[in-house]
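Chain residues, written in single-letter form:
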Amino acid sequence: MLIRELASKMRSADESKAAAAAKNVHDIVREGCATWRQNQTEICRSHEMLQALASLLRSPSERCRYEACRALGNIAFQNPGLIGQALPPGALEATGAADALETDNCLALVRTVGMLDGLRYVLQVGSVNSKHEAARVVNNCAAYSVSAAQVIVQSSGLIQALKGLCGAAGRAQRTRAKAIGAINCLSTYDETRPYLVSSRVVEDALIPALHQKKKAFGDSDEFKAMQADAVMATANLVGKNENSPIATEPDGLRTVIKCLRHGLDRHVWAGITWTSYSSLLPLSNLTVSDCNKELLAELGLVELLVRAMAECISSIEEELAMECLENMVFLRECRRRMVACGAVERLGLLLRGNASSNRPASTEDVMRRAQHILWWLTKREVPAPSFTCCADYLGRD
């Protein structure tokens, strides 16, 4: 009933009433609201509500556009359908929205007629605050849904509008930081990267952000977050190349390692709670390039990867950490570090299947990589055995 009432008010010819209704939508999907998860889902199942929000993005009223973007950013935040795939069973039960696990809110948003065109319009002509909130909508939709990200990158003019906030023409630093964050989220999927590369986001948006001077930017935390997002997005898109911008920027590699460390420690840095995944993904590219490996080893990556194997709870994090280790094992210094920090013991536990009773079983791909790494560390003089044989060997007295 409330959802329908707010949707009706947002269609009011009175701009102040429409803006107030959009603000109310924002408030009922804030984390502080006891039923915010349920409200997210109900809104995304209401065609009337989504169309009303999309229409406000084209309103002549700046306030209406701003409030609509704020509401949409919260609706897309922590898309429960996607988050539910990575959380333990029952983690979202307290929200009272168990059925939200079946709904891709972000995909519902971007598929709404006029929604992405409206966001592009705000990104191009809105105030600094509205542009920032519109970029946040794109950021959140991309962060929590690969399907939504695919729709976004194929939307006419939207990536160009984000680029317009990032390059030399982007004057508002706070808005630039959020646009770079959106591009970073979009860069995390195999399906979206070709569109981003062909749109020249590396040359026109990410490299200018990497060259941004801290003194000219202003806010220190926001600057750090933007630099980290720019580094990771660049690594996701072109990190495997020997001459990539990150390979020639040692500070970029240091930033990724710092973010991984903060992710493992569950620390907030630059106003962001980092995850291991956000760093391990670009590192899976950066460790391919031989010119990066020596510096990454010096920065402590090997030790952090072995720690990630022990602490990461999700399968995707385990897979990425193992991929990075396998890329690094061909360097003698990396092998020395792996042995010194207990990689042999950790790999042995994993291959015996008892690394941790609290973690899901490792995938066959992870087991193969573990067997290959262990062979490099201990038995290179004989042919690499299957991981089953290797596990049998490790189990002997």
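Here, every reference points to the structure presented above.
Here the residue numbering is sequential within each chain, running from 1 through the sequence in written order. With the structure being a predicted model, the display of local features is reserved for residues of pLDDT at least 70 and the display and counting of side-chain atom pairs for 80 or more, all residues being used for whole-chain, interface and lining totals. With hydrogens and water set aside, each side-chain value is computed from the structure's full complement of heavy atoms.

S.K.: Sorry if this is basic, but what is going on with the overall build of the chain here?
M.R.: What counts as a helix is a DSSP run of H or I of at least four residues, what counts as a strand is a run of E of at least two, and both are numbered from the N terminus. Looking only at helices and strands, the chain has 25 helices and two strands in total. Each residue is assigned to one of three classes by its accessible area relative to the maximum for its type, calculated with a 1.4 Å probe on protein chains only: buried under 20%, partly exposed between the two thresholds, exposed over 50%. Counting every position in the chain, which comprises 397 residues, the buried fraction comes to 54%. Every residue pair with non-hydrogen atoms within 4.5 Å of one another is taken to be in contact. Intrachain contacts of the chain at a sequence separation of at least 6 include 70% that bridge at least 24 residues. For the area figures, the Shrake-Rupley method with a 1.4 Å probe applies, and any residue is considered shielded solely by the protein chains shown. Looking at the chain as shown, the accessible area adds up to about 17500 Å², and 50% of this sits on carbon and sulfur atoms.

S.K.: Looking at this structure, I do not really get the packing of helix α14 (residues 201-210) against helix α16 (residues 220-238). What am I missing?
M.R.: Geometrically, a packed helix pair is captured by the angle between its two axes and the distance between the axes. Viewed as axis vectors pointing N to C, α14 and α16 meet at an angle of 145 degrees, and their least axial separation amounts to 9 Å. Crossing hand, α14 versus α16: left-handed. From α14, Val201, Val202, Leu206, Ala209 and Leu210 reach across to α16, where they touch Met226, Gln227, Ala230, Val231, Ala233, Thr234, Leu237 and Val238. For the contact of α14 with α16, the residue count by class is eleven nonpolar, two polar and no charged. Helix axes are fitted to C-alpha atoms over the stretch in contact, other axes to C-alpha atoms as well, and angles between N-to-C directions run from 0 to 180 degrees. Crossing handedness follows the turn of the near helix against the far one: under a right angle anticlockwise gives a left-handed crossing, and clockwise gives a right-handed one. Gly is put with the polar residues, along with every residue not named as nonpolar or charged; the nonpolar set is Ala, Val, Leu, Ile, Met, Phe, Trp, Tyr, Cys and Pro, and the charged set is Asp, Glu, Lys and Arg.

S.K.: Just to check I follow, could you spell out the layout of surface pockets for this structure?
M.R.: If a probe as big as a water molecule is rolled over the atoms, it shows which places are left empty. Buriedness for pockets is judged along seven lines, at least five of which must meet protein on both sides within 12 Å for an open set on the 1 Å grid over protein atoms alone, while cavities are sets there where a 1.4 Å probe fits but cannot get out, and lining residues have an atom within 4 Å of a point. Grid points are joined across faces, edges and corners, and a volume is the space filled by probe spheres set on the points. Of the pockets and cavities examined, the second largest pocket occupies roughly 360 Å³. Considering the residues around the second largest pocket, the lining is formed by 18 residues, among which Leu210, Gln227, Asp251, Gly252 and Thr255 are closest to the centre. A total of five residues in the lining of the second largest pocket trace back to one element, the largest contributor, which is helix α17 (residues 250-265). Classifying every residue of the lining of the second largest pocket gives six nonpolar, five polar and seven charged.

S.K.: Looking at this model, I keep getting lost on unusual backbone geometry. Mind explaining?
M.R.: Trans is the prevailing form of peptide bonds, just as negative phi is the prevailing case for residues other than glycine. Non-glycine residue Arg200 carries a positive phi angle of around 60 degrees. Within the secondary structure, Arg200 is located in the loop between α13 (193-198) and α14. The exposure class assigned to Arg200 is partly exposed, which follows from its relative accessible area of 42%. Residues other than glycine seldom take positive phi values, yet Arg266 does so here, at roughly 60 degrees. Along the polypeptide, Arg266 turns up in the loop between α17 and β1 (268-269). Exposure remark for Arg266: the relative accessible area of 52% places this residue in the exposed category.

S.K.: I'm lost on the packing of aromatic side chains in this one. Help?
M.R.: The geometry of two aromatic rings is summed up by the distance between their centres and the angle between their planes. The pairing test for Phe, Tyr and Trp rings, Trp by its six-membered ring, is centres within 6.5 Å, and the orientation test on the planes gives stacked under 30 degrees, edge-to-face over 60, and tilted for anything in between. Taken as a whole and judged by the stated rule, the model has five aromatic pairs. Ring geometry for Phe330 and Trp376: centres 5.0 Å apart, planes at 80 degrees, overall edge-to-face. Within this pair, whereas Phe330 is found in the loop between α21 (315-328) and α22 (332-340), its partner Trp376 is found in helix α24 (residues 364-378), the two being separated by 46 residues in sequence. Judged by its relative accessible area of 45%, Phe330 falls in the partly exposed class.

S.K.: Explain the pattern of salt bridges here, please?
M.R.: Oppositely charged side chains may form a pair once their charged atoms are brought near each other. By convention in these notes, a salt bridge is any Lys or Arg side-chain nitrogen within 4 Å of a carboxyl oxygen on Asp or Glu. Within the structure shown, the criterion is met by 22 salt bridges. Its salt-bridge partner being Glu62, residue Arg65 comes within 2.6 Å of it at the nearest N-O pair. Pair noted here: Arg65 and Glu62 are both in helix α5 (residues 62-76), with a separation of three residues, about one helical turn. Taking the shortest distance from any N to any O, the salt bridge between Glu333 and Arg336 comes out at 2.7 Å. Of this pair, Glu333 and Arg336 both sit in helix α22, three residues apart, which is roughly one turn of the helix.

S.K.: What am I meant to see in the side chain of Arg337 here?
M.R.: Here Arg337 is to be found in helix α22. Classification of Arg337 by relative accessible area gives buried; the value is 18%. For the purposes of these results, a polar contact is taken to be a pair of N or O atoms within 3.5 Å, where, inside protein, one atom must be able to donate a hydrogen and its partner to accept one; residues adjacent in sequence count only when each atom of the pair is a side-chain atom. A polar side-chain atom of Arg337 sits 3.1 Å from a polar atom in the side chain of Glu303. Other than its neighbours up to four places away in sequence, Arg337 contacts Ala297, Glu298, Val302 and Glu303.

S.K.: Got a minute to help me understand the packing of helix α2 (residues 15-28) against α5 in this structure?
M.R.: Contact geometry for α2 and α5: axes closest at 8 Å, N-to-C directions at 15 degrees. Here α2 lies roughly parallel to α5, going by the angle between them. Relative to α5, the crossing made by α2 is left-handed. Only Arg63, Cys64, Glu67, Ala68, Arg70, Ala71, Asn74 and Ile75 of α5 make contact with α2, whose side of the interface consists of Glu15, Ser16, Ala18, Ala19, Ala20, Ala22, Lys23, Val25 and His26. Tallied by class, residues from the contact of α2 with α5 come to nine nonpolar, three polar and five charged. An angle below 35 degrees is read as roughly parallel, one above 145 as roughly antiparallel, one from 65 to 115 as roughly perpendicular, and any other as oblique.

S.K.: Could you clarify how one ought to interpret the environment of Arg254 in this entry?
M.R.: One can find Arg254 in helix α17. In this structure, the C-alpha to C-alpha distance between Arg254 and Leu299, residues 45 residues apart in sequence, is 7.0 Å. Side chain to side chain, Arg254 and Asp251 meet in a polar contact 3.0 Å long.

S.K.: Please clarify how α22 should be interpreted in this entry.
M.R.: Three- or four-residue spacings in an α-helix give side chains the same orientation, since the helix completes a turn every 3.6 residues. Three or more residues of α22 are buried, namely Cys334, Arg335, Arg337 and Met338. All buried residues of α22 project into a common sector of 165 degrees when viewed along the axis, lining one side. Facing away from the buried side of α22 by over 90 degrees, the exposed positions are Arg332 and Ala340. In the core, the buried residues of α22 are packed alongside α19 (290-298), α20 (301-311), α21, α23 (343-352) and α24. Phi for Gly342, located one or two positions after α22, is positive at around 90 degrees. Here the arc refers to the directions that run from the helix axis out to each C-beta atom.

S.K.: I keep staring at the environment of Met226 and nothing clicks. Help me out?
M.R.: Along the chain, the position of Met226 falls in helix α16. Between the alpha carbons of Met226 and Ala179 there is a distance of 8.9 Å; along the sequence they are 47 residues apart.

S.K.: Is there a simple way to think about α20 in this case?
M.R.: For α20, every residue scored as buried is listed here: Leu301, Val302, Leu304, Leu305, Val306, Ala308 and Met309. Turning to α20, the residues buried within the fold contact α17, α18 (276-286), α19, α21, α22 and α23.

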